[in-house]
Amino acid sequence: MSVPYETSAYEPPESPESPEEHLMRLLGRALNSFELPDETIRRLDCALAHDGSLHSAHHSAGLHRETYRHTWLLADGSALTLWELVHNTTPGGEPQHEVYVDEEELRTAGSRLALPPDAPDFELPAQVQVQVQLSPVPAPRHAYVPDASADHARRLLRRAENADRPDAALADRLSTACGHQIVQAFGGPGRAGRARIGFSLYEHAFLLRDGVEVSLWEVEHTATPDGRHMCEVYDSEDTARRAMERRAAQVSP
C-alpha cells in the first residue's frame with residue numbers, strides 16, 4: 001500500500017541558507033557526490049538563488065524512495081538542476097542519499113532499488129510543485145572567470161598609488177567577488193604631452209555573490225616626473241578618464 005508523501009522520513013529544511021550552503025549540504029550527504037562533473041560544480045560556484053522541492057515518492061512495506069529537485073539560478077540567468085534520490089535499503093533503516101545531474105540517471109538509479117512493483121510512484125504534478133518566486137535577473141555584462149577573484153581585487157587596490165582610490169567599504173564588498181574579467185578600454189587623453197608618455201585604461205569587472213556587478217577602473221601611465229610606471233584605481237570610468245586628462249595636462253609642454 002502506498003503511503004502519502006507527507007509522511008516522508010526526509011524533508012528539506014525550511015531554515016534560510018545561501019545557495020552555496022544548500023549545495024554543500026547536498027553534496028555532503030550524497031554518497032556519490034564525487035561523481036559529479038567538475039564543470040557542474042564550477043557553474044554552481046556563483047549561483048544567486050536556489051530552490052528544493054519534492055518530485056516523487058514511493059513507500060511500501062517499510063521501504064521508501066523519494067526524489068527531490070534542487071534548482072539554482074545562475075548569474076547568467078539560466079538554471080541548473082541536480083536530482084537527489086533518498087531511500088532506505090532495509091525496512092525502517094537509515095536513509096541514504098545520492099545525487100545526479102539529469103532525470104534519466106535518477107530514474108536508472110531508482111529502478112535498481114528493491115521495492116515492490118505494485119506500489120507506483122506518487123509524482124507531484126508540475127503545476128503544484130513548490131517553486132521559489134525569483135525576480136528577473138538581467139544577464140551579466142561580462143563573461144566572468146571564477147579564479148581567485150577576491151584576491152585579484154585586493155591586489156589591484158593594494159598597488160593603486162592615488163590618494164582618492166576606492167575606500168575600505170568598497171574593498172570589503174569586493175571580498176565577496178566570485179568572478180572577474182579584465183577589459184581594456186580604448187581612447188586616451190585629448191593631449192598626450194611628451195611622446196614618451198603612455199596611458200592605458202582597464203576595466204576590472206567583478207561579480208559578487210549576491211549577483212551585483214562592480215567595476216574598478218585602472219589607469220596605468222608614465223606621466224610621472226621621472227617617467228616611471230604608475231598605477232591608479234578609480235570606482236568609475238568618468239573619474240578615471242578625468243584623472244588621465246589631468247595627468248596629461250601636468251606633463252604637456
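This one's a predicted model, so the numbers in the text were calculated from it and none came from an experiment.

If you tally the helices and strands in the chain, you get six helices and nine strands. Residues classed as buried in the chain amount to 42% of the 253 residues present. The long-range fraction of contacts in the chain, counting pairs at least 24 apart against all pairs at least 6 apart in sequence, stands at 61%. Within the structure as shown, the chain displays about 13800 Å² of accessible surface, and the carbon and sulfur contribution to it stands at 53%.

Now for helix H4 (residues 149-159). Of the positions making up H4, those classed as buried are Ser149, His152, Ala153, Leu156 and Leu157. Around the axis of H4, the buried residues are gathered within 125° of arc, so they sit on the same side. As for H4, its buried residues are in contact with helix H5 (168-174), strand E6 (177-185), strand E7 (199-208), strand E8 (213-221) and strand E9 (230-234).

Turning our attention to the sheet that holds E9. Spatially, E6-E7-E8-E9 is the arrangement adopted by the four strands of the open sheet, whose pairing is antiparallel. Of all the strands in the sheet, the pair left with one neighbour each is E6 and E9. Geometrically, the sheet is characterised by an average inter-axis angle of 25° between neighbouring strands, direction not taken into account. Bridging between E6 and E7 involves eight bridges; their strand directions are antiparallel.

In this section: the environment of Glu203. Tracing the sequence through the fold places Glu203 in strand E7. By relative accessible area, Glu203 is classed as buried at 9%. Sequence separation between Glu203 and Ala185 is 18 residues; the distance between their C-alpha atoms is 6.6 Å. In terms of polar contacts, Glu203 uses its side chain to reach the side chain of Ser215, at 2.6 Å.

Oppositely charged side chains are able to pair whenever their charged atoms sit close together. Summed over all chains, the structure comprises 10 salt bridges. Note that Glu103 and Arg107 form a salt bridge whose closest N and O atoms lie 3.1 Å from each other. With Glu103 and Arg107 both in helix H3 (residues 103-111) and four residues apart, the pair spans about one turn of that helix. The residue Arg154 makes a salt bridge to Asp151 at a minimum N-O spacing of 2.2 Å. In this pair, Arg154 and Asp151 both sit in helix H4, three residues apart, roughly one turn of the helix. The network of salt bridges with shared partners includes Asp151, Arg154 and Arg155.

As a further point, take the confidence of the model for the chain. When pLDDT is averaged along the chain, the result is 78, and 78% of the positions lie at 70 or above. The least confident element of the chain is strand E5 (residues 122-123), whose mean pLDDT is 46; the most confident is E9, at 94. Here residues 1-15 is modelled with pLDDT under 50, and outside its nearest four sequence neighbours on either side it reaches 26 contacts, counting other chains as well. In this model, residues 117-137 is a region of pLDDT below 50 whose contacts with residues beyond four sequence positions or in other chains number 35 contacts.

On the surface, a cluster of negative charge is contributed by Glu35, Asp102, Glu104 and Glu105. Among the secondary structure elements, Glu105 is positioned in helix H3. Owing to a relative accessible area of 36%, Glu105 belongs among the partly exposed residues under this scheme.

Turning to the environment of Arg173, a few remarks are in order. Relative to the elements of secondary structure, Arg173 occurs in helix H5. Along the chain, Arg173 and Arg209 lie 36 residues apart, while their C-alpha atoms are 9.8 Å from each other.

This part covers the side chain of His221. Structurally, the position occupied by His221 is in strand E8. Separated by 2.8 Å, the side chains of His221 and Glu232 make a polar contact. The residues touching His221, leaving out its near neighbours within four places in the chain, are Gly198, Phe199, Arg228, His229, Met230, Glu232 and Arg247.

Parameters at a glance
Residues numbered from 1 in each chain as written. Predicted model: local features only at pLDDT ≥ 70, side-chain atom pairs only at ≥ 80, totals over all residues. Heavy atoms only, no water. Helix = DSSP H or I, 4+ residues; strand = E, 2+ residues; numbered from the N terminus. Buried < 20%, exposed > 50% of the residue type's maximum accessible area, 1.4 Å probe, protein only. Contact = heavy atoms within 4.5 Å. Areas by Shrake-Rupley, 256 points an atom, 1.4 Å probe, with all protein chains shown as cover. Arc of directions from axis to C-beta. Pairing = 2+ DSSP bridges. Axes fitted to C-alpha atoms, helices over the stretch in contact; angles between N-to-C directions. Polar contact = N/O pair within 3.5 Å; in protein donor to acceptor, adjacent residues only side chain to side chain. Salt bridge = Lys/Arg side-chain N within 4 Å of Asp/Glu carboxyl O. pLDDT = per-residue confidence, 0-100. Patch = residues over 30% accessible without salt bridge, like charges linked within 9 Å, V, L, I, M, F, W, Y side chains within 5 Å. Lys, Arg positive; Asp, Glu negative; His and termini not counted. Charge placed at Lys NZ, Arg CZ, Asp CG, Glu CD.

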